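# Structure at a glance
Read off the chains here:
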Amino acid sequence: MRRFLFLSLLASGPAFAQGVVTSAAPDGVSVSVYRAPDRSSDTAMNLDWLEGYALITEKRTVDIPAGKATIRFEGVAAGLFPESAIVTGLPSGVREKNLDADLLSPRSLYARMFGRPVILRRTLPGSGEVREERAVIRSGVNGAAILQTAAGFEVATCGGLRDELIYPEAPKDLSARPTLSIETEAAEAHRATVSLSYLAWGFDWQTNYVVTMNADGRTADVSAWVTLASSDSTSFADAETAVIAGEVNREDAGRGAVPTGGALVLQCSLSSMVPPPAPPPAPVPSMVSSPALMESDAQIVMSARAMPMKMNAAVTVQQEGLGDLKLYRVPVPVTVAANAQKQVALAQKTGVKMEALYRAEVWEDSADAVRQMLRTRNRKEEGLGLPLPGGPVTVFEPQGDAVLLSGEGGLADRAVGEDVEIMLANATQVTLEAEVSNNALRAQTVRLTARNARAVPVQFEARIATGTGTQINGAKIARSGGKVTRKDGRTIWAVTIPANGKVSWDYTLVRPR
């Protein structure tokens, strides 16, 4: 028989002795989120395992007693790195810092009360009579709950009994929320406004782009949204919020200790009774009706498979410089909710010049799959001209009276003036073949044949890379049968493939003597 024990706390006297000061919540807070350092900017963040971090700064007012004291800052981030915490505003400084890693929960409370007296409240089967007696916990949190009463040792919730444990008090070192405690010493009692800054794990952010191609096939409307995610158990209400783009040189030692807690599940392992059926699973909460996802009018829940949305947000992030980094600040306070996501508008650009084409990478005489792509340049003349943080891209195209999903890809960080290339899925209607002929000792002729099965002409380019290979050592393109260009160390063959047609191009690879 498995069930959760109902755990209740009886009201007692003051929770902490003299010399301990508790700050329950900050007066104000700011949250700056940094992207996961090992994640490529054009790769979507993993919502099940957020590896970015945040710099959190809190303002708190505390009454500091004379002499040595422990100041407890409750409600900090659960993923706080204690070694990164900085407290300013204390006249005597900080002597010691500790992240209280055990949270008040049914599991931790039961574990801490091992060998200590509790009240066993027992409901008798049949009559429903309730009895209470003193008992001592004699087992750990895993398995059966073994208690010692005046009658001897017994297992709770066995033989049809329904038992509850009542604790006379909570251990003083258990907190209901993640807590950072510091040791300080003051010559006299006074009130101080302190600033607490720290790094915390379990955050991340990205930019989500929605590209809607226009009917002319040469321009597009581009919407950009900053998506911020938190897997921390602490919410930060009305926070000044910003996200940071760029790479920060930071040594990461891992997550470190994270405050724990959890539910308590005890087994009636000594009973021969048939266990009752498991309760039905809890219903999955609706994304749209979730309070954590409906906190401000700056937030929009968007599915990559949904229809594109016209941006009409009252709040748009503002870009600021931060050395070699880019800072995007939300101009109004927002709530960074626990275990939730939030989206705020970054930019809306209409009529952006956008070239749709197909591309294939060629290594000397071997062709990869053809991919769809979009290309523009990050300049005002093309309709952009602003720093573009990397992130996933969803592309829609008009199809008659409807607008349908065309593809998904990713965009790496792009500064103003740089080329913007959005690689999409592999093509199914446009293909490329590489055929080798005249395979002499030092020379090799390659023919590329591109085919288009679509009913409209398409733009195509092949990028040929040469160098040290297994077949040709240091080969170079000596001559070709058509006009080509060079870019980024590659030879570019660009051509228009007619509808339901094909084109070919020959080039000769020569290796040195």
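Residues numbered from 1 in each chain as written. Predicted model: local features only at pLDDT ≥ 70, side-chain atom pairs only at ≥ 80, totals over all residues. Heavy atoms only, no water.

## Some details on the overall build of the protein
Where we set the bar: To qualify as a helix, a DSSP run of H or I must reach at least 4 residues; to qualify as a strand, a run of E must reach at least 2; elements of each kind are numbered from the N terminus. Three exposure classes are used, based on accessible area relative to the maximum for each residue type with a 1.4 Å probe and protein chains only: buried under 20%, partly exposed in between, and exposed over 50%. The accessible surface values rely on the Shrake-Rupley method and a 1.4 Å probe; as for residues, cover is taken only from the protein chains in view.
Looking only at helices and strands, one finds one helix and 35 strands in the protein. Of all 513 residues assigned to the protein, the portion counted as buried reaches 43%. For the protein, the accessible surface area stands at approximately 26300 Å², while carbon and sulfur atoms represent 51% of it.

## Things to note about the nonpolar core
Applicable threshold: Side-chain atoms within 4.5 Å link the members of a nonpolar core, which is a set of buried Ala, Val, Leu, Ile, Met, Phe, Trp, Tyr and Cys residues. Residue contacts are defined here by distance: any two heavy atoms, one from each residue, within 4.5 Å place the two residues in contact.
One finds Val-31, Ile-56, Phe-73, Tyr-198, Val-211 and Phe-236 to be the most contacted residues of the largest nonpolar core, which totals 57 residues. Excluding anything up to four places from it in sequence, Ile-56 contacts Val-29, Ser-30, Val-31, Ala-77, Leu-196, Ser-197, Tyr-198, Ala-200, Phe-203 and Phe-236. Ranked by size, the runner-up nonpolar core spans 21 residues in total, among them Val-446, Val-458, Ile-497 and Trp-505.

## Re empty space enclosed by the protein
To be explicit about the condition: Note on definitions: the grid is 1 Å and covers protein atoms alone; a cavity is a set of points where a 1.4 Å probe fits but cannot get out; a pocket is an open set with protein on both sides within 12 Å along at least five of seven lines; lining residues have an atom within 4 Å of a point. Grid points are joined across faces, edges and corners, and a volume is the space filled by probe spheres set on the points. In this count, Pro and Cys sit with the nonpolar residues alongside Ala, Val, Leu, Ile, Met, Phe, Trp and Tyr, while Asp, Glu, Lys and Arg are called charged and the others, Gly among them, polar.
Under the defined criterion, the tally for this structure stands at four cavities of 30 Å³ or more. By volume, the largest cavity amounts to about 120 Å³. Considering the residues around the largest cavity, the lining is formed by 14 residues, among which Tyr-209, Val-222, Leu-384, Leu-388 and Leu-411 are closest to the centre. Elements with a minimum of two residues in the lining of the largest cavity: β15 (190-213), β16 (219-230), β22 (340-353) and β28 (419-426). In terms of residue class, the lining of the largest cavity is made up of twelve nonpolar, one polar and one charged. Within this model, the second largest cavity holds a volume of roughly 80 Å³.

## So, the confidence of the model for the protein
Parts of the prediction with low pLDDT should not have their coordinates interpreted in detail. Note the threshold: Think of pLDDT as the predictor's per-residue confidence, scored from 0 to 100.
Scored by pLDDT, the protein has a mean of 79; 78% of the residues are at 70 or more. Confidence scores differ between elements of the protein, with strand β1 (residues 2-4) showing the lowest mean pLDDT of 36 and strand β4 (residues 28-34) the highest of 95. A low-confidence stretch, residues 1-18 stays under pLDDT 50, and its non-local contacts, those more than four residues away or across chains, total 45 contacts. Contacts from residues 468-473, a stretch scored under 50 in pLDDT, to residues over four places away or in other chains number 17 contacts.

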